[in-house]
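# A look at the structure
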Amino acid sequence: MKITKVETSKIDKVDFSNLPFGSVFTDHMVICDYKNGQWSEPYIKPYSELTLQPSARVFHYGQAVFEGMKAYKDSDGKIWMFRPEDNFIRINKSAARLAMPELPKEYFFQSLEALLKLESDWIKPGKGNSLYIRPFMIASDPMIAASPGEEYKFIIICSPAQSYYAGKVKVMIAQKYSRAADGGVGFAKAAGNYASQFYPTNLAKQKGFQQVIWTDANTHQFLEEAGTMNIFFRIGDKLITAPTNDRILDGVTRKSVLQIAQDKGIDCEVRPVKVAEIIEAAENNNLLEVFGTGTAAVISEVSAVGFKDKVYDLPTLDNDYASIIKNAIFEIQYNEADDPYGWRYAVD
Ligand SMILES: Cc1ncc(COP(=O)(O)O)c(C=O)c1O
């Protein structure tokens, strides 16, 4: 693979103790171009601006998909990833839904590994430190016809990260706005899914909440996702989450949490979760935990749930499921425990 390195790294100018999420980028990026019906070999070059014509289709029709994954460093300085194959499969599923070409597996992994080795100094050891990896694909050809592009760019950029959310979050159950609908693109990591969340999330923020719990678009009676995370509810000793469908992203963390919870003997149910059931449990003091799951924060605990004009505060527990499961996932990610599932992926 062709690799053009920066003359001088900017790493010395970065304050690793103060890293707002997604604000600092490493020295290099991967680029892979699609033209005339095929992908050309990926290459690595210094992180820099892209040159696209204003007519590039991505600007007009939002043909853009992405992934979010992380690399971790253990105390011996070895680099690991967590279930990257799932991200590869998912970006191609997203691409197919947006009529974009699928990327060959070897290009995804070769370029990812080469980039991570090059950026090794940016991956700091220690739990909570990681390198957030953002692979994405855009339609780049200059043509404003409302039809699928003929040229695309697959790009990978990286951003050093500490944990995403500081502390617990207050979430509000959506009653009017929706994130996804049946037959739509909710299951895909399509850029437009995120743009459409900003306005309702801003409204929730004005009311003192940090995130929205999205409900099904038809009835608003079923709880589906929280912000950009999957969501779990603990009623009594039971852990409940909604099944994935074409409205819900099939989160890598969600399925890892389910597996670990089951193996720890926690009673798990994967089934539609009714708003009424959760409110009733909260009113009876039986709603013990609510947490979101996603690559950025692994598990993000909820302190309070807002519904209509009421706010339901959740208790603070010792030995809560969220902390037990989060710790077990961290130990696998940072190579501090056995990995019976084969989730850890070594970058040698
Ligand atoms: C809408 C949405 N749901 C859930 C998730 C969690 O997915 P994962 O655990 O694969 O990061 C994400 C992404 O992080 C997301 O964007």
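Above this text is the structure in question.
Residues numbered from 1 in each chain as written. Predicted model: local features only at pLDDT ≥ 70, side-chain atom pairs only at ≥ 80, totals over all residues. Heavy atoms only, no water.

## Regarding the site of the ligand
As a structural note, the neighbourhood of the ligand is formed by 15 residues, with Tyr-194, Glu-225, Val-252, Thr-253 and Thr-295 the closest of them. Between an oxygen atom of the ligand and a side-chain N or O atom of Lys-189, the distance comes to 3.0 Å. Between the ligand and the protein, one listed contact pairs an oxygen atom with a side-chain N or O atom of Thr-253 at 2.6 Å. Among the secondary structure elements, those contributing two or more residues to the shell around the ligand are β13 (229-235), α5 (252-263) and β17 (287-294). Classifying every residue of the shell around the ligand gives four nonpolar, seven polar and four charged. (Near = heavy atom within 4 Å. Polar contact = N/O pair within 3.5 Å; in protein donor to acceptor, adjacent residues only side chain to side chain. Helix = DSSP H or I, 4+ residues; strand = E, 2+ residues; numbered from the N terminus. Nonpolar A, V, L, I, M, F, W, Y, C, P; charged D, E, K, R; others polar.)

## Description of the packing of α5 against helix α7 (residues 321-333)
Packed helix pairs are specified by the crossing angle of their axes together with the interaxial distance, meaning the distance between the axes. The geometry of α5 relative to α7 is characterised by a closest axis approach of 10 Å and an angle of 110 degrees between their N-to-C directions. One finds that α5 runs roughly perpendicular with respect to α7. Residues Ser-256, Val-257, Ile-260 and Ala-261 of α5 lie in contact with α7, whose contacting residues are Ile-325, Ala-328, Ile-329 and Ile-332. Looking at side-chain class alone, the contact of α5 with α7 contains seven nonpolar, one polar and no charged residues. (Axes fitted to C-alpha atoms, helices over the stretch in contact; angles between N-to-C directions. Parallel < 35°, antiparallel > 145°, perpendicular 65-115°, else oblique. Contact = heavy atoms within 4.5 Å.)

## Thoughts on the nonpolar core
Counting 42 residues, the largest nonpolar core has Trp-39, Phe-108, Leu-116 and Ile-133 as its most contacted members. Those elements that provide at least two residues to this core are β2 (28-35), β6 (69-73), β7 (79-82), α2 (84-97), α3 (105-118), β8 (130-139) and β9 (152-161). For this core, the element with the most residues is α3, which contributes seven residues. Here this core spans two domains, since at least three of its residues come from each of domain 1 (2-161) and domain 2 (169-333). Here Trp-39 is in contact with Cys-32, Asp-33, Tyr-34, Pro-101, Glu-102, Leu-103, Pro-104, Tyr-107, Met-137, Tyr-152, Lys-153 and Phe-154, once residues within four sequence places are set aside. (Core = buried A, V, L, I, M, F, W, Y, C linked by side-chain atoms within 4.5 Å. Buried < 20%, exposed > 50% of the residue type's maximum accessible area, 1.4 Å probe, protein only. Domains from an automatic or database assignment.)

## Re unusual backbone geometry
Here the phi dihedral of His-220 falls at roughly 55 degrees; this positive angle occurs in a residue that is not glycine. Here His-220 is to be found in the loop between β11 (211-215) and β12 (222-226). In this structure, Lys-308 takes a positive phi of about 50 degrees despite not being glycine. Positionally, Lys-308 belongs in the loop between β18 (298-307) and β19 (310-313).

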